[in-house]
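Observations on chain architecture
Chain residues, written in single-letter form:
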Amino acid sequence: MKRVYLDNNATTKLDPIVKVKMQPFFEDLYGNPNSLHQYGIEVRPYLNEAMGYMYDALNAPNSDDILITSCATESNNTVLKGVFFKHILTNPSKNHIITSAVEHPSVLETLHFLQEHGVEVTFVDVDQYGYVSAQKIAAAITDKTILISMMWANNETGMIFPVDEVSKIAQERGVLFHTDAVQAIGKVKVDLTKTSVDYLTFSAHKFHGPKGIGGLYVKKGCELPNLLHGGEQMGGYRAGTLNVAYIIGMGLAMKQSVGHLDKMNSDVRALRDRLEDAISQLPDTIVVGDRARRTPNTILISLRGIEGESMLWDLNRAGIAASTGSACASESLHANPVMSAIGEDSELAHTAIRLSLSRFTTADEIDYTIDIFTKAAERLRSISSTYAYTNEVG
Ligand code: PLP
């Protein structure tokens, strides 16, 4: 059966070049880079090369730090809990954190946990397009605010948030600024000489690197206490033997995906637009957020009267992988949290389907998806109208 993968905001396929680059580190080059013998010594240049790729891709000064973590969830936890331990515990008069209502659960749940420990959190609402305004963030700042944590781009809608503006506001007001850039790397330009952030989160498996490895950029002077204590790895800031193969994979994957930024914003954007133009013609559909402000690969579409899960299964039967929201959220049948936050009624909140492309998506796959999606929408509509009719007469 034909298979089409349109769930690239959940995870991406490993770039074949990255796989080849990682292979020797599962075989001969298995030394621990912290060992003093030859096995350790010989892997270090490769690690340095991979770290260099990441500094270059983000345009981050070498004087700043990139901490390697196990995933973006760990990076987000490190920032939020680190700010709590370093700043809030020592100075409780500064115990306020601002975030958006549509952050990933690794931010929202960590902040709910910190609320139980006395931290005040403002969750700034998004508008009907799923956009958070810099003015609303600015208006939430008080004398007690220590940190703003706002994602660069949303995983569900693809909406790109006003990171430049918020970073300037944070700087002017003396507030720390963290951005979860998981959905931004390789899709929008992330240049840390142009956008001043204190902390930035990323995750390799969202840009064709391996799963289970991520990073946290930390600006010089903004160092945080460890989340993981133990050995002296990562300059003493994160204990645990380095996952050499995965770090090497992440470095090359980031270099590759940032190198394909133009392709993403031309070819992939054109394919996304073609798909969106076709499926948004179907009756009673709503696409969330205007295209120009979205990442070039993402569509979140709602089909009134059709259960998102039913659509997902029809697509899946035809070999097409989509999502009803974030992979974490779709395990439960709860309303899509982003749709709820942007104020859609509960019926729509259950019907959102996310389609997310990658630079490996082909035109043929998009044509096939348009065909299957159209037929599935017609089939499911006919079932729901028969059902409504039966209910009316019955
Ligand atoms: N932040 C955002 C915006 C995400 O989309 C995700 C994954 O869906 C994460 C964080 C968590 O990433 P990881 O799987 O690396 O923990």
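Residues numbered from 1 in each chain as written. Predicted model: local features only at pLDDT ≥ 70, side-chain atom pairs only at ≥ 80, totals over all residues. Heavy atoms only, no water.

**A short note on the overall build of the protein chain**
For the protein chain, the helix and strand inventory stands at 13 helices and 12 strands. In terms of overall dimensions, the protein chain is globule-like: its C-alpha atoms have a radius of gyration of 22 Å, near the 21 Å expected for 394 residues. Seen through its principal axes, the protein chain has C-alpha atoms that stretch 75 × 55 × 35 Å. Relative to its 394 residues, the protein chain shows a buried fraction of 55%. Approximately 16800 Å² of the protein chain is accessible, and the part contributed by carbon and sulfur atoms is 54%. Looking at charge distribution, the protein chain has the averaged site of its 36 positive side-chain charges lying 3 Å from that of its 46 negative ones. (Helix = DSSP H or I, 4+ residues; strand = E, 2+ residues; numbered from the N terminus. Rg over C-alpha atoms; globule rule 2.2 N^0.38 Å. Buried < 20%, exposed > 50% of the residue type's maximum accessible area, 1.4 Å probe, protein only. Areas by Shrake-Rupley, 256 points an atom, 1.4 Å probe, with all protein chains shown as cover. Lys, Arg positive; Asp, Glu negative; His and termini not counted. Charge placed at Lys NZ, Arg CZ, Asp CG, Glu CD.)

**Quick word on the site of the ligand**
Near the ligand there are 13 residues, and of these T73, D180, Q183, S203 and K206 occur at the shortest range. Within the side chain of S203, an N or O atom sits 2.6 Å from an oxygen atom of the ligand. K206 has a polar side-chain atom sitting 2.5 Å from an oxygen atom of the ligand. Considering the ligand on its own, with 400 Å² of exposed area, one finds that the protein chains cover 89% of that surface. (Near = heavy atom within 4 Å. Polar contact = N/O pair within 3.5 Å; in protein donor to acceptor, adjacent residues only side chain to side chain.)

**Digging into the packing of helix 2 (residues 38-58) against helix 7 (residues 244-259)**
Interaxial distance between helix 2 and helix 7 falls to 8 Å at its minimum, and their mutual angle equals 35°. Where helix 2 crosses over helix 7, the handedness of that crossing is left-handed. Contacts between helix 2 and helix 7 involve V43, Y46, L47, A50, M51, Y53, M54, A57 and L58 from the first element and V244, I247, I248, M250, G251, L252, M254, K255 and V258 from the second. The residue inventory of the contact of helix 2 with helix 7, partitioned by class, reads 16 nonpolar, 1 polar and 1 charged. (Axes fitted to C-alpha atoms, helices over the stretch in contact; angles between N-to-C directions. Left-handed = near helix turned anticlockwise from the far one by under 90°. Contact = heavy atoms within 4.5 Å. Nonpolar A, V, L, I, M, F, W, Y, C, P; charged D, E, K, R; others polar.)

**Comments concerning the domain arrangement of the protein chain**
Domains assigned within the protein chain are domain 1 (4-11 + 261-375) and domain 2 (16-259). Relative to domain 2, the C-alpha centre of domain 1 lies at a distance of 27 Å. Contacts between the two partners involve 28 residues from domain 1, matched on the other side by 30 residues from domain 2. Surface buried jointly by domain 1 and domain 2 totals about 2500 Å² across both partners, of which 56% is contributed by carbon and sulfur atoms. When the buried surface of domain 1 facing domain 2 is broken down by residue, L261, R293 and R359 rank first, second and third, together holding 28% of it. In this structure, the connection of domain 1 to domain 2 is made through 13 residue pairs in polar contact (both at pLDDT 80 or more). For the side of domain 1 that touches domain 2, the elements supplying multiple residues, two or more each, are helix 8 (261-279), strand 10 (298-303) and helix 11 (337-341). (Domains from an automatic or database assignment. Buried area = accessible area lost by both parts, 1.4 Å probe.)

**A word on the side chain of S106**
Inspection of the secondary structure assignment puts S106 in helix 4 (residues 105-115). Since its relative accessible area comes to 6%, S106 is described here as buried. At 2.7 Å, the side chain of S106 and the side chain of H104 are in polar contact.

**Description of the sheet that holds strand 10**
Pairing is antiparallel in the open sheet, where 3 strands are placed in the order 9-10-12. Each edge of the sheet is formed by a strand with only one pairing partner; in this case those strands are strand 9 (285-287) and strand 12 (352-356). For this sheet, the mean inter-axis angle between neighbouring strands, taken without regard to orientation, is 25°. Bridging between strand 10 and strand 12 involves 5 bridges; their strand directions are antiparallel. Looking at strand 12, one finds that I299 is bridged to L355. Contacting strand 9, strand 10 and strand 12, helix 8 crosses the sheet at an angle of about 10° to strand 10. (Pairing = 2+ DSSP bridges.)

**Remarks on the nonpolar core**
In this structure, L58, I148, L200 and F202 are the most contacted members of the largest nonpolar core, which totals 82 residues. Of all the elements, helix 2 adds the most residues to this core, at 9 residues. With sequence-adjacent residues up to four places away left out, L200 is seen in contact with L58, W152, H178, T179, A181, V190, L192, G215, L216 and Y217. M264, L271, I299 and M311 belong to the second largest nonpolar core, which has 28 residues in total. (Core = buried A, V, L, I, M, F, W, Y, C linked by side-chain atoms within 4.5 Å.)

**Let's talk about helix 3 (residues 72-88)**
Taking 1.5 Å per residue as the helical rise, helix 3 with its 17 residues ought to reach 24 Å, and the 23 Å between its terminal C-alpha atoms agrees with that figure. Most of helix 3 sits inside the fold, with 12 of its 17 residues counted as buried. By the burial criterion, the buried members of helix 3 are A72, E74, S75, N76, N77, T78, V79, L80, G82, V83, F84 and I88. (Expected span 1.5 Å × (residues − 1).)

**Remarks on the packing of aromatic side chains**
Within this structure, the stated rule accounts for 5 aromatic pairs. Arranged with centres 5.2 Å apart and planes meeting at 75°, the rings of F25 and Y46 form a pair that is edge-to-face. A residue pair is termed long-range when its members are at least 10 positions apart, and F25 in the loop between helix 1 (16-22) and helix 2 and Y46 in helix 2 qualify at 21 residues. Take F25: its relative accessible area is 8%, and that puts it in the buried class. By relative accessible area, Y46 is classed as partly exposed at 34%. Measuring from centroid to centroid gives 5.5 Å for F84 and F85, while their planes differ by 70°, and the two rings are edge-to-face. (Phe/Tyr/Trp six-rings, centres within 6.5 Å; stacked < 30°, edge-to-face > 60°.)

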